[in-house]
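Commentary on secondary and tertiary structure
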Amino acid sequence: MNKTPIIQVKNLVKKFGNFIANDNLTFDVYKGEIFGFLGANGAGKTTAIRILSGLSAPTSGKVKVAGYDVYRQTEQIKKNIGYMSQKFSLYEDLTIRENIRFYAGIYGLSRKVINERTDELLSKLNITNLGDKLISSLPLGWKQKLAFSIAIFHKPEIVFLDEPTGGVDPITRRQFWDMIYDAANESITIFVTTHYMDEAEYCDRVSIMVDGRIEALDSPEGLKNTYKAKNIDEVFLKLARTPIGEVGRG
Amino acid sequence: MKQFIGFVKKEFLHIFRDMRTMLVLFGLPIAQLLIFGFVVTNEIRNIKIAIYDRSKDDITIKISNKIISSGYFLLHENLTNINDIENIFQQGDVKEIIVFGPDFAKKLEKERTANIQLLADASDANTANLIVNYTMAIISDYMKKENQLTETPFQIVPEARMYFNEEMRSVYMFVPGTMALILMLVSALMTSVSIAREKELGTMEVLLVSPLKPAQIIIGKVIPYVVLSFINAVIIIVLGYYVFNMPVKGSLTLLLAESLLFISLALSLGIFISTIAKSQQVAMFISMFALMMPTILLSGFIFPIENMPVILQWLSHIMPPKYFIIIVKNIMLKGVGFSYVWKETLILIGMMMVFIALSIKKFKIRLD
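As the structure is a computational prediction, the values presented were derived from the model and not from experiment.

Cut-offs and rules
- Residues numbered from 1 in each chain as written.
- Chains lettered and ligands numbered in written order.
- Predicted model: local features only at pLDDT ≥ 70, side-chain atom pairs only at ≥ 80, totals over all residues.
- Heavy atoms only, no water.
- Helix = DSSP H or I, 4+ residues; strand = E, 2+ residues; numbered from the N terminus.
- Rg over C-alpha atoms; globule rule 2.2 N^0.38 Å.
- Buried < 20%, exposed > 50% of the residue type's maximum accessible area, 1.4 Å probe, protein only.
- Contact = heavy atoms within 4.5 Å.
- Areas by Shrake-Rupley, 256 points an atom, 1.4 Å probe, with all protein chains shown as cover.
- Lys, Arg positive; Asp, Glu negative; His and termini not counted.
- Charge placed at Lys NZ, Arg CZ, Asp CG, Glu CD.
- Axes fitted to C-alpha atoms, helices over the stretch in contact; angles between N-to-C directions.
- Parallel < 35°, antiparallel > 145°, perpendicular 65-115°, else oblique.
- Nonpolar A, V, L, I, M, F, W, Y, C, P; charged D, E, K, R; others polar.
- Buried area = accessible area lost by both parts, 1.4 Å probe.
- Salt bridge = Lys/Arg side-chain N within 4 Å of Asp/Glu carboxyl O.
- Polar contact = N/O pair within 3.5 Å; in protein donor to acceptor, adjacent residues only side chain to side chain.
- Pairing = 2+ DSSP bridges.
- Left-handed = near helix turned anticlockwise from the far one by under 90°.
- Patch = residues over 30% accessible without salt bridge, like charges linked within 9 Å, V, L, I, M, F, W, Y side chains within 5 Å.

The number of helices and strands found in chain A is nine helices and ten strands. Its C-alpha atoms give chain A a radius of gyration of 18 Å, within 12% of the compact-globule value 18 Å for 250 residues. Considered along the principal axes of its C-alpha atoms, chain A spans approximately 50 × 40 × 35 Å. The 250 residues of chain A split such that 54% are buried. Of the contacts made within chain A by residues no fewer than 6 positions apart, 68% connect residues no fewer than 24 positions apart. Accessible surface for chain A amounts to roughly 11100 Å². Of this, 48% is attributable to carbon and sulfur atoms. Where the 33 positive side-chain charges of chain A centre and where its 30 negative ones centre are 4 Å apart.

This is how it looks when you write it as structure tokens:
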């Protein structure tokens, strides 16, 4: 893997009043890697993702995403990223094709490109005959795969996945990670948050956030060696054992 | 722009796919109009009247004083001619004009009978009816008391004439009210719910992360409802015209323009509600209780504002539908032009600005 940084974060601080949500974060994410972002609820993951995706401005620090500055160039950043949350974000009352057309449309893809890629995608997912079915009629696993496919439909540089596998069965989760690998092979950078520790093992590198700070950042192997743990779960518990202020704060 | 059109298309799909939404959009206006076709009776108080007394004798002054001191009426002005009755009513203050003929007392003495004309502004049919009945009761009370003292009884014959609505069609007052209610409901409730739905589904996040600008998202959400509400306004006017024979005496263009203004106001209110509400249910709840109830109860739609307790009268001043109902009644029934409704129009524009400003402020805070 080449080591071109595509996300550069230096001394990022985000405060809400007196509360420090992100406390002096510094890290790089390299092009084409799968970067895992771990942390308990309220550790500051969502705040960081919102800043990286241009939704919210940092209080201080330097942040560049896909080569653009988050203070001044959010427009360009938004064009070059994809986003998928736990809620899958598809419109239940629209068909598969309509959802694709809508999301691809707001990224400015031409009708011709949209039609070509839609056919391509449907046959890849083996659902060519389901294109005109409403999303509400699909099982959860399908929705999740579709949501991810739509998030990378416009071929972004980076895709942010915010707990993308919540509430999905283990087999579907496994299949979902196959899709993530495929996307990474097409040199899309994957930035994924999760609280399934087994999923952290699938990442190229993992950062662990505790109380707004990044406590550790390394490959899964590296982390396990450093903290003398059998798996990432143990690493996480060792790091998070220091009492966390408010557990459960979104 | 292409992205934006795609967005608007998507919004229309949401609406057309949802039976309930369609029902609320197009079933409701018709149902409302028919339901509110009933007459509601109420009390009156401090109604402004004008008196045109061509005799100025003992008896006319006595009758006038009795009417004014009854507590139901306030003397707004003494007229010196009666050429421009329509104009007086169009000003909107005076609800009834009482006309005594010349030589009233002399006639009564000689012929034992005399006439009083009662002219009422019946654009609010319900109130006009009440006003005339109250006035007649006072006059006949006077007559009775005087007749007890004389051997040869005399008779005063009141003649009532209803202006703008000669047949006293109560539906005339319900059409403007229903229009306000429907436009308020459809515009504010539907937009607030549809924005809240995107928040609930998590699609709002995806939209915000996309290259669409927040303004595009909001305007894209709003446009379908502007179009559909406008169609609704037209349906109500057409229904009023063909089913209830409700005239549009003034300019149709002005009426539609004012409707569009009111729709925009309701939409900005809907957007404001959605910035507060986190879920569809909360949005619906706020819309119902903060919009529906006041629109029905405090806007003068059903109950005359003049008769409300002072606090509620104050409250009614901040109810946007109140001003819209005044405008619609003036244009449809009195046939007046913009010069008579510019004040109300200005108030509606002002209210709209306030809601838009508040929404933008709220929206920015949320994004941070």
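Looking only at helices and strands, chain B features 14 helices and five strands. A principal-axis box enclosing the C-alpha atoms of chain B has dimensions of 90 × 40 × 30 Å. Counting every position in chain B, which comprises 368 residues, the buried fraction comes to 52%. Relative to all contacts within chain B whose residues are 6 or more apart in sequence, the contacts with residues 24 or more apart total 79%.

Here the focus is the packing of helix α10 (residues 252-276) of chain B against helix α13 (residues 320-334) of chain B. Residues and elements named next belong to chain B. Orientation of α10 relative to α13, taken along the N-to-C sense of each, is 170°, at an axis distance of 10 Å. By the angle between their axes, α10 is roughly antiparallel relative to α13. Judged by residue contacts, Leu254, Leu255, Glu258, Ser259, Phe262 and Leu265 of α10 engage Pro320, Pro321, Phe324, Ile327, Val328, Ile331 and Met332 from α13. Among the residues making up the contact of α10 with α13, the classes are represented as eleven nonpolar, one polar and one charged.

Moving on: the interface of chain B and chain A. For an interface, size is often stated in terms of accessible area lost upon the parts coming together. On the chain A side, the residues contacting the 28 residues of chain B number 31 residues. Overall, the association of chain B and chain A removes approximately 2500 Å² of surface from exposure, summing both partners, and the carbon and sulfur fraction of that is 59%. Taken together, the links from chain B to chain A amount to one salt bridge. Across the salt bridge formed by Glu98(A) and Arg17(B), the nearest N and O atoms sit 2.7 Å from each other. Seen at the junction of chain B and chain A, the total is seven residue pairs in polar contact (both at pLDDT 80 or more). Broken down by secondary-structure element, the contributors of at least two residues to the side of chain B that touches chain A are α1 (2-17), α7 (171-201), α8 (203-209) and α14 (338-367) of chain B. It is α1(B) that provides the largest number of residues to the side of chain B that touches chain A, a total of nine residues. Its residues placed into classes, the side of chain B that touches chain A shows ten nonpolar, six polar and twelve charged.

This next bit is on the pattern of salt bridges. All names here are of chain A. Per the counting criterion, the structure on display carries 23 salt bridges over all chains. Its salt-bridge partner being Arg213, residue Asp23 comes within 3.9 Å of it at the nearest N-O pair. Of this pair, Asp23 sits in strand β2 (residues 19-30) while Arg213 sits in strand β10 (residues 213-218), and the two are 190 residues apart along the sequence. Ionic pairing is found between Asp198 and Arg173, a salt bridge with its closest N-O pair at 2.9 Å. Remark: Arg173 occurs in helix α6 (residues 170-185) and Asp198 occurs in helix α7 (residues 197-200); sequence separation between them is 25 residues. Judged by its relative accessible area of 11%, Arg173 falls in the buried class.

Attention now goes to the pairing of β10(A). Residue and element names in this part refer to chain A. Looking at chain direction, strand β9 (residues 205-210) and β10 are connected through five bridges and run antiparallel. If you follow Ile208 over to β10, its bridge partner there is Ala216. Where β9 folds back onto β10 in an antiparallel hairpin, the turn is made up of two residues, including Asp211, whose phi is positive at roughly 55°.

Next up on the list: the side chain of Asn22(A). All names here are of chain A. Relative to the assigned elements, Asn22 resides in strand β2. A relative accessible area of 0% means that Asn22 is categorised as buried. Dropping the residues within four chain positions of it, Asn22 is found in contact with Leu12, Val13, Lys14, Gly44, Thr47, Ala48, Ile51, Met209 and Gly212.

Residue and element names in this part refer to chain B. Relative to each other, helix α9 (residues 214-243) and α10 sit at 140°, their axes nearing to 9 Å. Compared by their axis directions, α9 and α10 come out oblique. When the axes of α9 and α10 are compared, the crossing they make is right-handed. Two secondary-structure elements touch here, α9 through Ile218, Val222, Tyr225, Val226, Ser229, Phe230, Ala233, Val234 and Ile237 and α10 through Leu255, Leu256, Ser259, Leu260, Ile263, Leu267 and Ile271. In terms of residue class, the contact of α9 with α10 is built from 14 nonpolar, two polar and no charged.

Moving on to the sheet that holds strand β1 (residues 5-16) of chain A. Working definition: the strands of a sheet are paired by backbone hydrogen bonds and lie parallel or antiparallel to each other. Residue and element names in this part refer to chain A. Across the sheet, which stays open at both edges, the four strands sit in the order β2-β1-β4-β5 with antiparallel pairing between neighbours. Lying at the two open borders of the sheet, with one neighbouring strand each, are β2 and β5 (68-69). Where β1 and β2 come together, eight bridges link them in antiparallel fashion. Within the sheet, the bridge partner assigned to Val9 lies in β2 and is Phe27.

Before going further, it helps to spend a moment on a nonpolar patch on the surface. On the surface, Met284(B), Phe285(B), Met288(B), Phe289(B), Met293(B) and Leu297(B) cluster together to form a nonpolar patch covering roughly 560 Å² of accessible area. With respect to the helices and strands, the residue Phe285(B) is situated in helix α11 (residues 280-298).

Honestly, that's just the spatial picture; any functional story needs more than this.
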